[in-house]
Amino acid sequence: MNVLDRPPVPPASSDARVPVFVPYVGVDTLKHLTDALDVGWLGMGATTKEFEDRIAAYLGLEDRYVVCTNTGTSALHIALLAAGVGPGDEVITPSFNYVADHQAIRATGAEAVMCDIRDDDLGIDVASAESLVGPRTKAIVPLHFAGIPCRIDDVHALARRHGLRVIEDACHAFGSTAGGAKIGSGGDVQFFSFDPVKVITSIDGGCVVTPHREEVERLHHLRLLGVDKDTTLRYQNKRAWDYDVVSEGFRYHLTNIMASVGVSQIKRVDEFIASRRAVCERYSAAFDGLPGVRVLRRDYADVSPFIYSLRVAADRREALIEHLAARGVDVGIHFVPVHQHTYFANARRAPMPVTERVVDEVVTLPLHSLMAERSIERVIDGVRTFFA
Ligand SMILES: Cc1ncc(COP(=O)(O)O)c(C=O)c1O
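Residues numbered from 1 in each chain as written. Predicted model: local features only at pLDDT ≥ 70, side-chain atom pairs only at ≥ 80, totals over all residues.

**With respect to the confidence of the model for the protein chain**
Low-pLDDT stretches of the model should not have their predicted coordinates read in fine detail. Quick reminder of the rule: pLDDT expresses, on a scale from 0 to 100, how confident the predictor is about each individual residue. By the convention adopted here, residues make contact when the C-beta atoms placed from their backbones lie within 7 Å.
Counting all residues, the mean pLDDT for the protein chain is 95, and 96% of those residues have values of 70 or more. Taken as a whole, residues 8–12 scores under 50 in pLDDT and shows 14 contacts with residues more than four places along the chain or in a different chain.

Okay, structure coming up:
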């Protein structure tokens, strides 16, 4: 069977297992991909620019700029460099975060220092972050965990008090809103990830969103080996041969091929988010009130849910995981806190009572865009039969 004859919505899971993540790959994805291959310009080009323009339109950006990269990690790396972060500086971020952020901070030559999170939304604890501020502090990287907006106004107030930059990790939150506006449409700098399991994917990819016009050119240089002129010409599927190299730089650009997948996905993002929200609300309605269980949210109206995280009594988590596995339901753990990893064990950090407790309680249940009804029911049934 030709790939383009496949059904438009592939089965979200097999009957054997319900995986934690199932990337959406439909006939529309394949069509965009084959069209992009036909153009004959595989590297960064006009489709990369189209994806950036569509991200800007979707987020409703005014006087803010989008720079696509090949991962969310590289987006943070160049966002930090453009913000002037470097050796001798400190950047505050929760330990309850993906290691990508901590590695990107270290890659600038700065130190990642780790704060605690709040017990209610698992977002950054601003008082804990403030306790770490010192003369070397340059920036804060808060995280919108699972797509749930963190207390970003409090983070900005803290940043104003101490003259810090805020680079929001919005990797889980493409399409979430805070204070009625899409995350990315205000504040300082944000970065997103379009890796294979995110709400929309470009296979791998990411972007920086910035209001600082003067930093955009720097981001372009950092993204592509420090070469000047290249971005403008590549956006027309052309290359400059009389270029200069004006700064350090990396191979962090997003190719036309990856961007074509991103374009196919962003066209359907509202549909993906609506379907994920509905699943999260069903999960919360089914689990709220079960003994030993805490749901993060009942109402997902402002959330573009990347994962569904459930908190269960720490001494029952392993048994729950086994119970679900026996019913063919996979789970994930977000996150192993970064201070527990060997490479980061000596990082400066605040006391972390909430993080230490939460990491033994969280379990990530399967959540897919356009998730199959039988998969949703299996997850609900698996959790309820365990706690019943
Ligand atoms: C919270 C968080 N930050 C950063 C990243 C890094 O994004 P990427 O995988 O696109 O490099 C991820 C990816 O999973 C993430 O979950």
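**Overview of the environment of M44**
The condition that has to hold: Only DSSP runs of H or I covering at least 4 residues are called helices, and only runs of E covering at least 2 are called strands; the numbering of each starts at the N terminus.
Structurally, M44 is set in the loop between α1 (27–39) and α2 (46–59). Counting along the chain gives 190 residues from M44 to R234, while the straight-line C-alpha distance between them is 6.2 Å. When neighbours within four sequence positions are excluded, M44 is seen to be in contact with R234, H253, L254, T255 and N256.

**Here's the deal with the sheet that holds strand β3 (residues 111–115)**
The condition is simple: Pairing between two strands requires that DSSP report at least two bridges joining them. Only the stretch in contact is used when a helix axis is fitted, and all axes are lines through C-alpha atoms; the angle between N-to-C directions ranges over 0 to 180 degrees.
Across the sheet, seven strands lie side by side as β1-β9-β8-β5-β4-β2-β3; this open sheet has mixed pairing. In this open sheet, the two edge strands, each paired with only one partner strand, are β1 (65–69) and β3. Here the strands of the sheet are splayed against their neighbours by 25° on average, with no regard to which way each runs. As judged from the three bridges shared by strand β5 (residues 165–169) and strand β8 (residues 189–193), these two strands associate in the parallel manner. What sits directly across from E168, in β8, is Q190.

**Focus: the sheet that holds strand β12 (residues 362–365)**
Spatially, three strands are ordered β10-β11-β12 in an open sheet, and the strand pairing comes out antiparallel. Two strands bound the open sheet, and with one partner strand each, they are β10 (293–295) and β12. Taken pair by pair, the neighbouring strands of this sheet meet at an average axis angle of 35°, ignoring direction. In the sheet, β10 pairs with strand β11 (residues 308–312) via three bridges, with the strands oriented antiparallel. Bridged to V295 within β11 is L310.

**Remarks on the domain arrangement of the protein chain**
Just so we agree on the cut-off: Just so you know, the domain bounds were taken from an automatic or database domain assignment. Asp, Glu, Lys and Arg are counted as charged, while Ala, Val, Leu, Ile, Met, Phe, Trp, Tyr, Cys and Pro are counted as nonpolar; the rest, among them Gly, fall into the polar class.
Along its sequence, the protein chain is carved into domain 1 (27–266) and domain 2 (269–387). In this structure, domain 1 and domain 2 have C-alpha centres spaced 25 Å apart. Each partner contributes to the interface: domain 1 provides 37 residues, whereas domain 2 provides 31 residues. Elements represented by at least two residues in the side of domain 1 that touches domain 2 include exactly α4 (99–107), β3, α5 (126–131) and α9 (256–266). By residue number, the principal contributor to the side of domain 1 that touches domain 2 is β3, which donates five residues. Broken down by class, the residue content of the side of domain 1 that touches domain 2 amounts to 19 nonpolar, eleven polar and seven charged.

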